[in-house]
Amino acid sequence: MNDGEKNSERGGGADHGGAGTPAADDNVIDVTGLRRRYAGRGRRAKAREGFEAVRGVDFSVARGELFALLGTNGAGKTSTVELLEGLAAPTAGQVRVLGRDPFTERHSVRPRIGMMLQEGGFPSELTPTETLRMWAGCTSGARPVADALESVGLTGRADVRVKQLSGGERRRLDLALALLGRPEVLFLDEPTTGLDTEARHQTWELVRELRDSGTTIVLTTHYLEEAEELADRLAILHHGRIAAAGRVADVVAAQPSHISFELPAGFHLGDLPPLGELGVVGHEKAGRRVRLRTDELQRAATGVLVWAQEKGITLRGLDVRSASLEEAFLHIAKEAAEQGELAGARETEGAAA
Amino acid sequence: MSTAVLDADAIEREEGRGEVRAETGAGARLLALGRAELTLLGRNKTALYMMLVIPVMLAIAMKQTLVGTNSPGMGLSVAAALLPATLGYVLLFGIYSNMTGAYVARREELVLKRLRTGELRDLEILAGTALPAVVLGLAQCVLLVLLGGMVLKDGLPKAPHLLIAGVLIGAVVVVAFAAVSSALARTTEAAQLVVLPLMMLSLGGSGMVVPLDALPDLLGSLLELLPLSPVMALIRVGWTGGAGTGEILKHLAVGLVWAGIAVFAVQRWFRWEPRR
């Protein structure tokens, strides 16, 4: 398949802003106003209220797209994915997978989807072959067991008891189960957690091949690199809400780049050319260390370097860095946390009044 | 990981798009799950021992007692007292105790949770997990009836349909109670304790060790209402062939009510995931 063409198709959809939705009838997954509250058990009213893990989430995933849900632990990734998988009913809002409700119509949805839970459950006394054989008997259009084992690189461990497999090998067995029915939609909940670097890259390769063959994939991860490597689009979840969403490049581009260096003794920030003219939008100073933020990295860097050249000084610890998903993520999480605190404070005030 | 395999898949997928794939049927799913469970049962020495050895050992021990005391005046032959009890032991030790442990183990290893992510329906998961133990238990019952009758020279059951009805109702009741009991234990070790109340109650009060006819009337008719009492009564009546229609209908009704209660309890209290 032509990658460039595919990407431009996807890009076209993302221009509508927000989570970016291509033509609605092409969506494999549609989520609107999704909420999930866990029932509380405590005796006090506060505890009985329960905990709202998903607080109004909207997004869509187009056919053949790889959509990543990113977030810190407890951000609501798994809670959201479980609703998409039809493992639980939402407290409010709507989920459509392949045009159907994955919970109430799960018997017609399940044969067309595959999923990998965060923690796989396999009888420890069975071998991978026996486990897959059992799953194949319960899966429409299952591939041959040997193929499934080979695709995740477990052929050599096919007849070892599951209890003797390493954590990474169990993750791969779980992936083999998820792929067994050649699903149209694949849900992967932290598929590479616990894998070593090599196994992680192998899994990425497999996921890419699946995507290229037209499988729609929803992936949760807390590895930013993983989202950057694989995702066409992503949403960053924070405290049950989407803090940012869009194509990876757009999410990153919305964040400033950085230049940092140490000013030599005798020089001050004011000695630099006017920062505004360099395209610098903000700065921080800690001791002699200066950190400039800019949306025009090349212009700002050139300005700083030409100035240093003219003055004949060396900028120690010079670091010129374009925005990365990691920075975007940290920034968004911090911003969302601040906003959350504000909103929380307002709610408390409202309740008091 | 093999690129070639996936590429071949990809081509097949492209070609196969839009065509309706054959979906699995409930029978095939049950068999697939049952086969895996049979493998697991074969690798669980404790469960096999409970299943295959204990009922026979209890029967032999009971025979010595019965013969020694010359069966205290119930008008029952040794075989008529012993064989129904043996089938009761199969239900309790072979199926009930075993399945309680199996449900706990599958839940705690998150197997039930994983199974629920696929195409299996909830009832299929419960039934498929129980399939090998139930089939083996029923086969044991058949063997015990045939061989027992031969060894004890008491011939075949006089009313086999009642005996079969009793065993089948009993199987449903003990599997459902095993599912409910599994909710009370967090480990397979604890499961061994959780099964004790129903086991003691049934051994003592459902006519397995002491026939209910031998007890004072009031106590006897109260104990007739215990979960496995109608099952044991049907099996015994099926063996001897001696009972009025009214009595048979009463046992059937009580047995079915218990089956209904047990199934309701499963829907209400069964736990699919560990408590965290």
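Residues numbered from 1 in each chain as written. Chains lettered and ligands numbered in written order. Predicted model: local features only at pLDDT ≥ 70, side-chain atom pairs only at ≥ 80, totals over all residues. Heavy atoms only, no water.

**Student:** Before we move on, can you summarise the overall build of chain A with the specific residues and values?
**Tutor:** From N to C terminus, chain A includes 13 helices and 13 strands. Evaluated residue by residue, chain A yields a buried proportion of 51% over its 353 residues. Put simply, 68% of the contacts in chain A that link residues at least 6 apart link residues at least 24 apart. About 16,200 Å² of surface is accessible on chain A, with carbon and sulfur atoms providing 48% of the total. (Helix = DSSP H or I, 4+ residues; strand = E, 2+ residues; numbered from the N terminus. Buried < 20%, exposed > 50% of the residue type's maximum accessible area, 1.4 Å probe, protein only. Contact = heavy atoms within 4.5 Å. Areas by Shrake-Rupley, 256 points an atom, 1.4 Å probe, with all protein chains shown as cover.)

**Student:** Can you break down a nonpolar patch on the surface residue by residue, with the values?
**Tutor:** All names here are of chain B. A contiguous nonpolar patch, built from Tyr49, Leu52, Val53 and Met57 and spanning about 350 Å² of accessible area, is present on the exposed surface. Positionally, Tyr49 belongs in helix α3 (residues 45-52). The class of Tyr49 is partly exposed, set by a relative accessible area of 43%. (Patch = residues over 30% accessible without salt bridge, like charges linked within 9 Å, V, L, I, M, F, W, Y side chains within 5 Å. Salt bridge = Lys/Arg side-chain N within 4 Å of Asp/Glu carboxyl O.)

**Student:** Explain the interface of chain A and chain B residue by residue, including any values.
**Tutor:** The interface is formed by 51 residues belonging to chain A together with 37 residues belonging to chain B. For the pair chain A and chain B, the summed buried surface comes to about 4,000 Å²; carbon and sulfur atoms form 55% of the total. Contact with chain B buries surface across chain A, with A:Trp135, A:Cys138 and A:Arg182 losing the most and accounting together for 15% of the total. Seen at the junction of chain A and chain B, the total is three salt bridges. With its nearest N and O atoms 3.9 Å apart, the salt bridge here joins B:Lys113 to A:Glu82. At the junction of chain A with chain B, the criterion picks out ten residue pairs in polar contact (both at pLDDT 80 or more). Among the secondary structure elements, those contributing two or more residues to the side of chain A that touches chain B are β5 (113-116), α5 (128-137), α6 (145-151), α7 (167-179) and α8 (197-212) of chain A. Residue classes in the side of chain A that touches chain B are distributed as 17 nonpolar, 17 polar and 17 charged. (Buried area = accessible area lost by both parts, 1.4 Å probe. Polar contact = N/O pair within 3.5 Å; in protein donor to acceptor, adjacent residues only side chain to side chain. Nonpolar A, V, L, I, M, F, W, Y, C, P; charged D, E, K, R; others polar.)

**Student:** Hey, could you go over the nonpolar core for me, with residue numbers and the actual values?
**Tutor:** Counting residues in hydrophobic clusters, the biggest one holds 122 residues, and the most contacted among them are A:Leu132, B:Tyr96 and B:Tyr103. Setting aside residues up to four positions removed in sequence, B:Tyr96 forms contacts with B:Leu91, B:Val174, B:Phe177, B:Ala178, B:Ser181, B:Val194, B:Val195, B:Leu198 and B:Met199. Among the nonpolar cores identified, the runner-up in size contains 27 residues, and A:Ala88, A:Ile113, A:Met115 and A:Leu237 belong to it. (Core = buried A, V, L, I, M, F, W, Y, C linked by side-chain atoms within 4.5 Å.)

**Student:** Talk me through the sheet that holds strand β10 (residues 257-262) of chain A; I want residue IDs and the actual numbers.
**Tutor:** Residue and element names in this part refer to chain A. Judged by pairing direction, the sheet is antiparallel, and its four strands sit side by side in the order β11-β12-β10-β13 without closing on themselves. The strands lining the two open edges of the sheet, one partner per strand, are β11 (280-286) and β13 (316-321). Along the sheet, successive strands turn relative to each other by an average axial angle of 15°, direction set aside. Against the sheet, helix α12 (residues 297-311) engages β10, β11, β12 (289-294) and β13, with an angle of about 15° to β10. (Pairing = 2+ DSSP bridges. Axes fitted to C-alpha atoms, helices over the stretch in contact; angles between N-to-C directions.)

**Student:** Can you tell me about the sheet that holds strand β1 (residues 27-38) of chain A, naming the residues and giving the values?
**Tutor:** Residue and element names in this part refer to chain A. The three strands lie next to each other as β2-β1-β4, forming an open sheet whose pairing is antiparallel. What marks the edges here is a single partner per strand, and that holds for β2 (51-62) and β4 (92-97). Across the sheet, the mean angle separating the axes of adjacent strands is 15° when strand polarity is ignored. Sheet topology note: the β1/β2 ladder contains nine bridges and is antiparallel. Within the sheet, the bridge partner assigned to Val31 lies in β2 and is Phe59. Where helix α3 (residues 77-85) meets the sheet, it contacts β1, β2 and β4, and its direction lies at approximately 125° from that of β1.

**Student:** Let's hear about the confidence of the model for chain B: which residues, and what values?
**Tutor:** All names here are of chain B. Mean pLDDT over chain B: 86, with 89% of residues reaching 70 or higher. Note that residues 1-20 has pLDDT below 50 and, in this model, 31 contacts with residues that lie over four places away or in other chains. Predicted complex metrics record ipTM = 0.86 and pTM = 0.83. (pLDDT = per-residue confidence, 0-100.)

**Student:** So, the pairing of β5(A): which residues are in play, and what are the values?
**Tutor:** Residues and elements named next belong to chain A. Here β5 shows two buried faces, one formed by Ile113 and Met115 and the other by Gly114 and Met116. Pairing of β5 with strand β6 (residues 185-189), which is carried by four bridges, proceeds in the parallel orientation. Across the sheet, the residue bridging to Ile113 is Val185, located in β6.

**Student:** Give me the lowdown on the packing of helix α8 (residues 160-182) of chain B against helix α13 (residues 245-269) of chain B, citing residues and values where you can.
**Tutor:** Residue and element names in this part refer to chain B. Put simply, α8 and α13 touch, their axes get as near as 8 Å, and they point 25° apart. Looking at the two axes, α8 sits roughly parallel to α13. Seen from above, α8 lies across α13 with left-handed handedness. Seen from α8, the contacting residues are Leu162, Ala165, Ile169, Val172, Val173, Ala176, Phe177, Ala179 and Val180; seen from α13, they are Ile248, Leu252, Gly255, Leu256, Trp258, Ala259, Ala262, Val263, Ala265 and Val266. When grouped by side-chain class, the residues that make up the contact of α8 with α13 number 18 nonpolar, one polar and no charged. (Parallel < 35°, antiparallel > 145°, perpendicular 65-115°, else oblique. Left-handed = near helix turned anticlockwise from the far one by under 90°.)

**Student:** Account for α12(A), with residues named and values stated.
**Tutor:** Residue and element names in this part refer to chain A. Between the first and last C-alpha of α12 there are 21 Å, a value that for 15 residues agrees with the 21 Å anticipated at 1.5 Å per step. Considered for burial, the residues of α12 that qualify are Leu297, Ala300, Ala301, Gly303, Val304, Trp307 and Ala308. The buried residues of α12 all sit within an arc of 160° when viewed along its axis, so they share a single face. Exposed side chains of α12 directed beyond 90 degrees from the buried face belong to Gln298, Gln309 and Glu310. (Expected span 1.5 Å × (residues − 1). Arc of directions from axis to C-beta.)

**Student:** Please set out the layout of surface pockets residue by residue, giving values where relevant.
**Tutor:** Computed from the structure, the largest pocket encloses a volume of approximately 1,400 Å³. Looking at the largest pocket, it is lined by 45 residues, and the ones nearest its centre are A:Arg36, A:Tyr38, A:Glu82, B:Lys113 and B:Glu273. Examining the composition of the lining of the largest pocket, we find that five residues originate from one element, α3(A), more than from any other. Taken together, the residues that form the lining of the largest pocket break down as 14 nonpolar, eleven polar and 20 charged. (1 Å grid on protein atoms, 1.4 Å probe; cavity = no way out; pocket = protein on both sides within 12 Å on 5 of 7 lines; lining within 4 Å. Points joined across faces, edges and corners; volume = space filled by probe spheres on them.)

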